[in-house]
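Here are the chains, one letter per residue:
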Amino acid sequence: MKIASLIAALVATAALTALGQEGVVQDVKHGAKKAGETVKDGLETVGEKTKETAKTVGKKTKEAAETVAEKTKETGETVARKTKEAVNGTGEKAAETTRKTHHKSSKTASKTKAKTTEEQTPASSRTP
């Protein structure tokens, strides 16, 4: 009977070990499932954050492009205005120079005409 008790004890120990391993396997499966869910949740969060970041970057890029377009337009308008002012200023100076030249020319012509008239009048008709 001692042998039968020993065999029964060994069988009982083996059965308990097998059941214990089954519990460990279930624990490992459950842990792996939880870890998988955690990773999945983390990836979903990362995906959402990436999507939000992409939207924000897109919005900021659009705003920056609009600002650059505005500044470029303003600069173009300023250059056009300054060029027009410069051209108009040059035209005014040219007209002023032409007026001065014409005036000087007329003045000189009048002086020359006066001298010529004086020289042509006889000496007796001149009053002292």
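Each remark here, short or long, concerns the structure printed above.
Starting from 1, residues in each chain are numbered consecutively following that chain's sequence as written. The model is predicted, so local features are restricted to residues of pLDDT at least 70 and side-chain atom pairs to those at 80 or more, both for listing and for counting; the totals for chains, interfaces and linings are taken over all residues. Values shown for side chains rest on all heavy atoms present in the structure; no hydrogens or waters enter the calculation.

A. Quick peek at the overall build of the protein chain. Secondary structure elements follow DSSP: runs of H or I no shorter than four residues count as helices, runs of E no shorter than two count as strands, and numbering proceeds from the N terminus. When you go through the protein chain residue by residue, the secondary structure sums to 1 helix and 0 strands. Out of the 128 residues belonging to the protein chain, those deemed buried represent 0%. When the accessible surface of the protein chain is totalled, it reaches about 11600 Å², and 63% of it is carbon and sulfur. Categorising residues by exposure relies on relative accessible area from a 1.4 Å probe, with only protein chains included: less than 20% of the type maximum marks a residue as buried, more than 50% marks it as exposed, and the intermediate range marks it as partly exposed. Each accessible area value is a Shrake-Rupley result obtained with a 1.4 Å probe; residue values ignore everything except the protein chains displayed when judging cover.

B. Region of interest: the pattern of salt bridges. Each salt bridge in this description consists of a side-chain nitrogen of Lys or Arg and a carboxyl oxygen of Asp or Glu lying within 4 Å of one another. This model, assessed by the stated rule, comprises 2 salt bridges. For Glu74, the salt bridge identified is with Lys71, shortest N-O distance 4.0 Å. Residue Glu74 and its partner Lys71 are both found in helix α1 (residues 2-120); the two are separated by 3 residues, about one turn of the helix.

C. Main features of a nonpolar patch on the surface. Note that patches include only residues with greater than 30% relative accessible area and no salt bridge, and the join distances are 9 Å for like charges and 5 Å for nonpolar side chains (Val, Leu, Ile, Met, Phe, Trp, Tyr). A cluster of nonpolar side chains, namely Ile3, Ile7 and Val11, defines an oily patch on the protein surface of about 310 Å² accessible area. Tracing the backbone through its elements, the reader meets Val11 in helix α1.

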